[in-house]
Amino acid sequence: MYPANALTNVPPALLARCFTPRDGAYEVTPAVRQMIVFGQHDLGQRAPFPHLDLVLCRNVLIYFTPELQRRALQLFAFALRAGGYLALGKAETTQALAAPFAPVAAPTKLYRRQGEPVLVPPAVLLRPALPPLPRARPRVPAPALPLVARPPSPNERIGSLLMQSAIGVVVIDRHYDIQAINRAAQEGLGIYRPALGEDVLHLLTTVPSEPVRVLIDATFAGTASTTEVLVATLRDEQHHFAFTATRQLADAAAGTGEQVLVQFRDVTTQTQATVAATQRRQQRAATA
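Everything quoted here is computed from the prediction, not taken from an experiment.

1. Details of the pattern of salt bridges
Scanning the entire structure with this criterion turns up seven salt bridges. When the shortest N-O distance is used, the salt bridge between glutamate 27 and arginine 22 registers 2.6 Å. Two residues, glutamate 210 and arginine 213, come together in a salt bridge whose shortest N-O distance is 2.7 Å. On the criterion of helical spacing, the pair formed by glutamate 210 and arginine 213 is a turn pair, its members being three residues apart in helix H7 (residues 209-220). What makes arginine 213 buried here is its relative accessible area of 3%. Through salt bridges that share partners, Arg22, Glu27 and Arg33 make up one connected network.

Given below as structure tokens:
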């Protein structure tokens, strides 16, 4: 949503095509929103999207400490493809990490990504130190109670099986943040860092984020709860994963909002067999 005065310089034809008037403001149309990932991003903690063409970060770094400025520039250098562009504000520079950025137009603070890839520094280095623990107060020990083993509920048994499954399982909320993930999903998606609470779209390294986002959005909208999506990984091996998603309603008792359960499995062998069978049929038809 954008206030009307923020769009005064937008041409009327573009305004009518890309925005819908709503309560005195303008809302981006669904057609545009489907092509864009809108979300909050913590430059100090979260991983960046890879292979970007352009990063616009104007009048942000001036509010950061020198250490955080350097980390943000390292994230930009990692995220931008070779030759990609970074635009900063008038009072900002890449001085904290100058090597990966070549100035293109000094007055406009436009820079071009150059040189070797830059590794992302561990976010844990920027976390504040934990406060000292309070002193323990002496207390009278409570009488020991007999331990009673409670059998797990059906939902708990199912959840335990999913976490141990060879099929990748990820539970995601409406902000794309990961609520649960098993080891098979971490390995298949190339997530090699703590992922709980992180934006899954930013963490994907072996799978393109766009088809995953489309599947999640469609599932929340109730239009693709069991739709299967085939995507090729970004590795050289070109594995194929079959994704399915199921909508999970909010559970007030458990304190959870609406979520999507995403499952995926490697179907490379089946896909290759199907392609080979199709090619053989085509060859027989061509020689007949």
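Moving on from the coordinates now.
2. Notes on the sheet that holds strand S7 (residues 110-113)
Taken in spatial order, the four strands make up an open sheet running S4-S5-S7-S6, and their pairing is mixed. The sheet is open, and its two borders are formed by strand S4 (52-57) and strand S6 (101-105), each paired with just one other strand. Shown here is a sheet whose adjacent strand axes are inclined to one another by a mean of 25°, direction ignored. Summarising the sheet, strand S5 (residues 80-88) and S7 pair through three bridges and their orientation is antiparallel. Paired with tyrosine 85 across the bridge in S7 is arginine 112.

3. As for the environment of aspartate 177
Summarising the element assignment, aspartate 177 is placed in the loop between strand S8 (168-173) and strand S9 (178-181). Taking the C-alpha atoms as reference points, aspartate 177 and glycine 197, separated by 20 residues in sequence, lie 5.2 Å from one another. Among all residues touching aspartate 177, those that are not within four sequence positions of it are Arg46, Val171, Ile172, Gly197, Glu198 and Asp199.

4. A word on the sheet that holds strand S1 (residues 2-3)
Strands sit in the order S1-S3-S2 across an open sheet of three strands; the sheet is antiparallel. Each end of this open sheet is capped by a strand with a single partner; those strands are S1 and strand S2 (19-22).

Quick notes on the rules
Residues numbered from 1 in each chain as written. Predicted model: local features only at pLDDT ≥ 70, side-chain atom pairs only at ≥ 80, totals over all residues. Heavy atoms only, no water. Salt bridge = Lys/Arg side-chain N within 4 Å of Asp/Glu carboxyl O. Helix = DSSP H or I, 4+ residues; strand = E, 2+ residues; numbered from the N terminus. Buried < 20%, exposed > 50% of the residue type's maximum accessible area, 1.4 Å probe, protein only. Pairing = 2+ DSSP bridges. Axes fitted to C-alpha atoms, helices over the stretch in contact; angles between N-to-C directions. Contact = heavy atoms within 4.5 Å.

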